[in-house]
Amino acid sequence: MRDTLRGVAPKDYDLTTSARPPQIKGILQQAGIRWVPIGEAFGTIAALMEGGCYEITTYRVKESYTKGSRHPVVQFGDDLVEDLARRDLCINAMAMGVQGNVVDPFGGLEDLAARRLRVPGGGLSKSREIVRDDPLRILRVARFVSGLGFTVDEALSEACLQEAAAILEVSRERWKSELERTICGEHAAAALRWLGQTRVLFLCLPELVGLDGVLARQVGFASSGTLFDCSVELLGALPAAPLQRWAALLHGCGIPASLSWEGGLRLGRFRAEEMARRFKFSNEERALLLGLLRSLPQMAALAEAHSEAAQRLALRRLHDELGDALVQLWPLWRALAQARADAAWVERSFQCFLTLQSKGLLAVRLPSGLGALLEERFGLQREDVGRALRLIRERIMEESCPFAAAPEVYLQALEEDPQGQTLLRKR
């Protein structure tokens, strides 16, 4: 309904009725329509019809969540206006009849035109009641700010501030779902600033506490704002990929404690890992997030690689450590480099990366059986074989040894290398 009135194609259609779930099922069955009881206890039946799945929900007079639960306690009703009155926002408290008539008892159309977010009935008391029924609504408001660019009514903002602590009653999985959609929105910076003003952002993400007390220029950013300003503005320079945006938001969370860029990045990784576990990220999500953050101190190696040879070496070393995940780092590195007024090296490095990748000169792959030859030819123990192989890999990355050569070439190079000679003398 809301999207239709904005001229945006809706992603789904939700239907509402005074009929109770058993009646809904009976009507669908009589019409020959398949149905699924996806939330029958809460009043929702899904109708499976050509073109998609349509959720049909019984009118509700009341809907609230108990502490830590993901399931609402509902009281069914018989009146559409009563059902709309308990919705979170006026722009969501509208309905359209089968004849196309719009039911808008709370001024949702007016709010759409004014690009405003407020609760049905308005005022501080009603706003607090709506938030108390389900504190996650605070994060939903932020999501709408992020996605639509609307402003929040003063009464609703004040209600969210007064009820901020109630967010701690909500399950962390629900936090993650809403916050992830918020940080991926077009207006994410405005939404996060609003969440910061309500204190809810720092209750959900205590890792960000202190960022607004550090001037960005103290740690090398070009901005005259705070580190918090820089962190939220970074999001707009990235693709709407959740883990890249999480990394941008959290990258500096260790800086207030260390007041240094590199020290803060190292500490930030540990804090980000704590957050990922608290939010129940999957193992794959957590590994990628930490890989992105772990790469940031290594930006210095590329930034300081002024010659092509030094750039190639730095890229190979990074790829040796990070593997194919390296390709996912560039958007984040670009955004950070631009914020620190030094983006040219990123573009040079990226073009170098693409060239090496296309020519197969990025990843070092030693010929099979080289370790066995080292044991046989020089009598090296397993530990020293590992050291010898690492030395050969390093010489290939430095380009003092050729890529994809025969094993004998690498054995000869090892014998001629001063470090290799020291290693061989140990046998």
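These remarks concern the structure in this document. (Residues numbered from 1 in each chain as written. Predicted model: local features only at pLDDT ≥ 70, side-chain atom pairs only at ≥ 80, totals over all residues. Heavy atoms only, no water.)

Here's the deal with the overall build of the protein
We apply this condition: Secondary structure elements are defined from DSSP: runs of H or I of at least 4 residues count as helices, runs of E of at least 2 residues count as strands, and each element is numbered from the N terminus. Each residue is placed in one exposure class: buried if its accessible area under a 1.4 Å probe, protein chains only, is under 20% of its type's maximum, exposed if it is over 50%, and partly exposed if it falls in between. Any pair of residues with heavy atoms lying within 4.5 Å of one another is described as a contacting pair.
Per the secondary structure count, the protein includes 23 helices and ten strands. Dimensions of the protein, computed from the C-alpha atoms along their principal axes, are close to 90 × 55 × 35 Å. Across the 427 residues of the protein, 48% fall into the buried class. Contacts in the protein between residues far apart in sequence, at least 24 positions, make up 61% of those at least 6 positions apart.

Comments concerning the side chain of Arg-245
Going by this rule: Charge assignment in this entry is limited to Lys and Arg as positive and Asp and Glu as negative, and neither His nor the chain termini are counted. Within this document, salt bridges are pairs made up of a side-chain nitrogen of Lys or Arg and a carboxyl oxygen of Asp or Glu, the two lying within 4 Å of each other.
Counting through the fold element by element, Arg-245 comes out in helix H12 (residues 242–250). Look at Arg-245: it is buried, it has no salt bridge, and the nearest opposite charge is Glu-186 at 9.3 Å. With residues up to four places along the chain from it excluded, the contact list for Arg-245 reads Ile-183, Cys-184, Gly-185, Ala-188, Leu-235, Gly-236, Leu-238, Pro-239 and Ala-240.

Looking at helix H11 (residues 227–234)
Counted residue by residue, H11 has seven buried out of eight residues, so it is predominantly covered. Considered for burial, the residues of H11 that qualify are Leu-227, Phe-228, Asp-229, Cys-230, Ser-231, Val-232 and Leu-234. As for H11, its buried residues are in contact with helix H9 (188–197), helix H10 (200–204), H12, helix H13 (255–258) and helix H18 (330–339).

Overview of the sheet that holds strand S4 (residues 52–58)
Rules: Two strands are said to pair when DSSP picks up at least two bridges between them. What counts as an axis is a line fitted to C-alpha atoms, over the stretch in contact for a helix, and the angles between N-to-C directions run from 0 to 180 degrees.
Taken together, the four strands give an open sheet; going across it, the order is S1-S4-S3-S2, and neighbouring strands pair in mixed fashion. Of all the strands in the sheet, just strand S1 (14–17) and strand S2 (34–39) have a single pairing partner and so form its edges. Taking each pair of neighbouring strands and ignoring which way they run, the sheet shows an average axis angle of 30°. Summarising the sheet, S1 and S4 pair through four bridges and their orientation is parallel. When the bridges of S4 are listed, Leu-15 appears paired with Ile-56.

Brief notes about the side chain of Glu-163
Along the chain, Glu-163 falls in the loop between helix H7 (154–162) and helix H8 (172–183). Looking at Glu-163, the relative accessible area reads 10%, which means it is buried. Apart from residues lying up to four places away in sequence, Glu-163 is in contact with Arg-128, Val-131, Arg-132 and Ile-138.

Here we look at the packing of aromatic side chains
Just so we agree on the cut-off: To pair, rings of Phe, Tyr and Trp, with the six-membered ring standing in for Trp, must have centres within 6.5 Å; the planes then decide the type, stacked if under 30 degrees apart, edge-to-face if over 60, and tilted in the middle.
Scanning all chains against the criterion turns up eleven aromatic pairs. Ring geometry for Trp-330 against Trp-333: centres 5.2 Å apart, planes inclined by 80°, an arrangement best described as edge-to-face. Here Trp-330 and its partner Trp-333 are both found in helix H18, three residues apart, which amounts to about one turn of the helix. Residues Trp-330 and Trp-333 agree in their burial class; the two are buried. With a centroid separation of 5.6 Å and 50° between ring planes, the pair formed by Trp-330 and Phe-353 is classed as tilted. You can see Trp-330 sitting in helix H18 and its partner Phe-353 sitting in helix H19 (residues 344–359), a full 23 residues away along the chain. Relative accessible area serves as the criterion here: at 0%, Trp-330 is assigned to the buried category. Taken together, the aromatic side chains of Trp-330, Trp-333, Trp-345, Phe-350 and Phe-353 make up a single cluster linked through ring pairs.

A look at the pairing of S4
Direction of pairing for strand S3 (residues 44–49) relative to S4: antiparallel, over a ladder of six bridges. Within S4, the position partnered with Ala-47 by the bridge is Tyr-54. Counting the residues that bridge the hairpin from S3 to S4 gives two residues, and of these Gly-51 lies at a positive phi of roughly 105°.

Let's talk about the pattern of salt bridges
The tally for this structure, following the rule as stated, stands at 31 salt bridges. Between Lys-126 and Glu-129 there is a salt bridge whose closest N-O contact spans 3.9 Å. Of this pair, Lys-126 and Glu-129 both sit in helix H5 (residues 124–133), separated by three residues, roughly a single helical turn. Judged by its relative accessible area of 33%, Glu-129 falls in the partly exposed class. In this structure, Arg-312 engages Glu-399 in a salt bridge whose closest nitrogen and oxygen atoms are separated by 2.5 Å. Of the two residues, Arg-312 is situated in helix H17 (residues 308–322) and Glu-399 in the loop between helix H21 (382–398) and helix H22 (407–416); the sequence distance between them amounts to 87 residues. Glu-399 gets classed as partly exposed once you look at its relative accessible area, which sits at 36%. Linked by salt bridges that have partners in common, Arg-317, Glu-394, Arg-395, Glu-398 and Asp-417 make up one network.

Spatial relationships are all this shows, so hold off on functional conclusions.
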